[in-house]
Every structure is written in C-alpha cells, then in structure tokens.
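# Structural description and commentary
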Amino acid sequence: MGNGGKTALVLSAGGMFGAWQAGVWQALQREFRPDIVVGASVGSLNAWLIACGCTGGELIDRWLSLDGLAQVRWRVPPYLSDGVIDAAPLEVIIREMCDAGTPRAEVGVVATEFRTMRPRLFRYPEMSWRHVAASCAVPFFLPHYSIDGAYYTDGGLVEPLPVWAAMEMGATRIVALNILSSRPPLVRGLVGALRRYGKFASPNTAAVSLVEIVPGETLGNAWDSIYWTSTKAERWIRLGRTDGENALASVVECVNRGRLDGEPEESDEGCSHTVFTV
C-alpha cells in the first residue's frame, strides 16, 4: 500500500484495553496491509498475531476467550522482580500464540532493559516468546525476563507508543493505535522521570506520514486494565471498531501519500501527523 517505502502498524501498551486494538484492526484490515507491525506491552501480543496474518475477527475471538486470565492470582513473591501476580496463565497464552503461526510481515516488539531504563527493539526471527513476555512484564506486577544476560520489563514503560521502533525498521508511513494517549499527571511525571534516567528522546516524526488513532471514549480506570471480563472486552472491541471505521478514510489517504522514495510530500501539510479521534 502506498507509493513507496514501508508502511507500519504500531500498537501501544495498555493492558486489557488491548481489546480495543482488536476492534480497530477489524475495521482497518479491509484497506490496510502493513509491511511492518510493532508493539509494546500488550501491543506486542496483538502485533505478533496480526503479523502472522490474524484477521480482525480472529483477533477478536482471542480477546473474547481469555477466561484463563479472568481470575488474577495475587501472590507474595520471593523478589519484587518476580511480580505479585502469577504469570503462569499468561505465559501459557503467549507460548501458544507464538507457536501458532509464522509472521508474514516484519514484526518487532519492544522491551525495556530494567537496569538502564532504555527501550530496546527485538525483531523476528531473533526473538522468542520470552521477548513478548518481557514486553508485557509490568514492573512489580509481572515477572521480569532475562534475555542475553540482562533483565527486561514492560516495553511501554518509557514510551507506550513505539513509533521510534517502526522508524528504525524503515517505516515511512505509520498508523499508530494509541490506547494511552491520555494519562494522569502523576503517570506522565513518572514516565518523564524514566525518560530522563534512560536518556530517551521521542523521535522527530517530520519525515514520516503518521496517523495516530486514539479511543473516542474513556476505556476505564487502572483496575479495568488489569481485570478481564468478556463484558468489558466486548465494549472495548465495539468502541475500537467504531474508532477504526471513522479513521479509515484518513488512514488510506495518509498512507497512500508520499513521494516514490516514501517521504511525505511537502504539500501534505497537516497530514504528516494526524491524531484521529471521534
């Protein structure tokens, strides 16, 4: 899709709100086939499945079949790095998901090195289910994972929407599904502190066409993002489908624009970064 360069779908962090991304994908898939799919935290789960050719309907079915995660198992861990939530049920899902298919598009997941607080991009085939699990490892809640001698945690900790990773993979046209576009001041302050500690700077997106889709309604509170129920998932999926359908024309227009070398045209004022909400 497009006149040149690569297109990417970027999926943000957001816990159980990831069901919203499934609804958006069902709407976008009719007209949008990304060359690259990138995700952080829960977005890494959706990214892997979409890269493997998962349709919107199939992704929705998965989100409506998470009964194994309905009961959160709290525990007292021997170390805080092991997390206060038993991750075994989630690991089973991630292992099955990664064994179920082979990516047809380029796929990358982002995890954060715990010691340095620097996000790192891992790309298939140099990644396994452990990289996806690490990307989902919310500090103090879910266990960190050791990869190449370093411990990694939540891929959305420093930057919930890894547009930078898609750009690093060569994307010139990016559609980003941002669950966490609106965050409380305390959370924004914490993220800012982590960015300074890890010396992370947001990328300059002037050289790419970027459409950012955000939820048109509030999805819920922090606890809703932890506790899954089929009723909540169904609502988030419906909202995502509506948001995706309303953004589809904007997605098609911006992704198709650009010079043959994949850069946005100078006349595309206002299209290089469109935040689309309803």
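Refer to the structure presented above.
All values derive from a computational prediction rather than experimental measurement.

## Comments concerning the pattern of salt bridges
- Scanning the entire structure with this criterion turns up seven salt bridges.
- For arginine 62, the salt bridge identified is with glutamate 96, shortest N-O distance 3.1 Å. A residue pair is termed long-range when its members are at least 10 positions apart, and arginine 62 in helix H3 (residues 56-63) and glutamate 96 in helix H4 (residues 88-100) qualify at 34 residues.
- Residue arginine 62 is classed as partly exposed on the basis of its relative accessible area, which comes to 26%.
- The class of glutamate 96 is partly exposed, set by a relative accessible area of 39%.
- Residue aspartate 224 pairs with lysine 232 through a salt bridge whose shortest N-O separation is 3.4 Å.

## Regarding empty space enclosed by the protein
- With the rule as written, the count across this model stands at one cavity of 30 Å³ or more.
- In this model, the largest cavity occupies a volume close to 50 Å³.
- Lining of the largest cavity is provided by Ala87, Leu90, Glu91, Ile94, Ala133, Cys136, Ala137, Leu142, Pro143 and Tyr145.

## A few points about the side chain of aspartate 154
- The topology assignment puts aspartate 154 in the loop between strand E6 (150-153) and helix H6 (163-168).
- Sequence-distant contacts of aspartate 154, defined by excluding residues within four places in its chain, comprise Ser41, Thr112, Ala134, Ser135, Ala137, Val138 and Pro139.

## Let's talk about the layout of surface pockets
- Taken as a whole, the second largest pocket holds about 260 Å³ of empty space.
- As for the second largest pocket, its lining consists of 16 residues, and the residues nearest its centre are Glu159, Leu161, Val163, Arg195 and Ser202.
- Counting residues per element, the ones that place at least two in the lining of the second largest pocket are H6 and strand E8 (209-213).
- Of the residues in the lining of the second largest pocket, the class split is seven nonpolar, five polar and four charged.

## Thoughts on the packing of aromatic side chains
- For the structure on display, the rule yields eight aromatic pairs.
- A centroid spacing of 6.1 Å and a plane angle of 85° characterise the contact between tryptophan 129 and tyrosine 145, whose relative ring orientation is edge-to-face. One end of the pair, tryptophan 129, is in helix H5 (residues 129-135); the other, tyrosine 145, is in strand E5 (residues 145-147), with 16 residues separating them in the sequence. Residues tryptophan 129 and tyrosine 145 agree in their burial class; the two are buried.

## Structural notes on the side chain of serine 135
- Along the chain, serine 135 falls in helix H5.
- Relative accessible area serves as the criterion here: at 0%, serine 135 is assigned to the buried category.
- One polar contact links the side chain of serine 135 to the main-chain amide nitrogen of serine 41, over a distance of 2.8 Å.
- In this structure serine 135 touches Gly39, Ala40, Ser41, Ser44, Val110, Ala111, Thr153, Asp154 and Gly155, once residues within four positions along its chain are discounted.

## Some remarks on the packing of helix H1 (residues 18-28) against helix H8 (residues 230-256)
- For the pair H1 and H8, the least separation of the axes is 6 Å and the interaxial angle reads 40°. The orientation of H1 relative to H8 falls into the category oblique. In the packing of H1 onto H8, the handedness of the crossing is right-handed. Seen from H1, the contacting residues are Ala19, Trp20, Gly23, Val24, Gln26, Ala27 and Leu28; seen from H8, they are Ala233, Trp236, Ile237, Leu239, Gly240, Arg241, Asp243, Gly244, Glu245, Leu248 and Val251.
- The residue makeup of the contact of H1 with H8, split by class, is 11 nonpolar, four polar and three charged.

## Structural notes on the nonpolar core
- The biggest cluster of nonpolar side chains holds 66 residues, and the ones touching the most others in it are Leu28 and Ile213.
- Looking at this core element by element, the count peaks at nine residues for H8.
- Filtering out sequence-adjacent residues up to four positions away, leucine 28 remains in contact with Val175, Leu177, Ile213, Gly244, Leu248 and Val251.
- Judged by nonpolar contacts, the second largest core, of 23 residues, contains Ile36, Trp164, Ala165 and Ala166.

Conventions we followed
- Residues numbered from 1 in each chain as written.
- Predicted model: local features only at pLDDT ≥ 70, side-chain atom pairs only at ≥ 80, totals over all residues.
- Heavy atoms only, no water.
- Salt bridge = Lys/Arg side-chain N within 4 Å of Asp/Glu carboxyl O.
- Helix = DSSP H or I, 4+ residues; strand = E, 2+ residues; numbered from the N terminus.
- Buried < 20%, exposed > 50% of the residue type's maximum accessible area, 1.4 Å probe, protein only.
- 1 Å grid on protein atoms, 1.4 Å probe; cavity = no way out; pocket = protein on both sides within 12 Å on 5 of 7 lines; lining within 4 Å.
- Points joined across faces, edges and corners; volume = space filled by probe spheres on them.
- Contact = heavy atoms within 4.5 Å.
- Nonpolar A, V, L, I, M, F, W, Y, C, P; charged D, E, K, R; others polar.
- Phe/Tyr/Trp six-rings, centres within 6.5 Å; stacked < 30°, edge-to-face > 60°.
- Polar contact = N/O pair within 3.5 Å; in protein donor to acceptor, adjacent residues only side chain to side chain.
- Axes fitted to C-alpha atoms, helices over the stretch in contact; angles between N-to-C directions.
- Parallel < 35°, antiparallel > 145°, perpendicular 65-115°, else oblique.
- Left-handed = near helix turned anticlockwise from the far one by under 90°.
- Core = buried A, V, L, I, M, F, W, Y, C linked by side-chain atoms within 4.5 Å.

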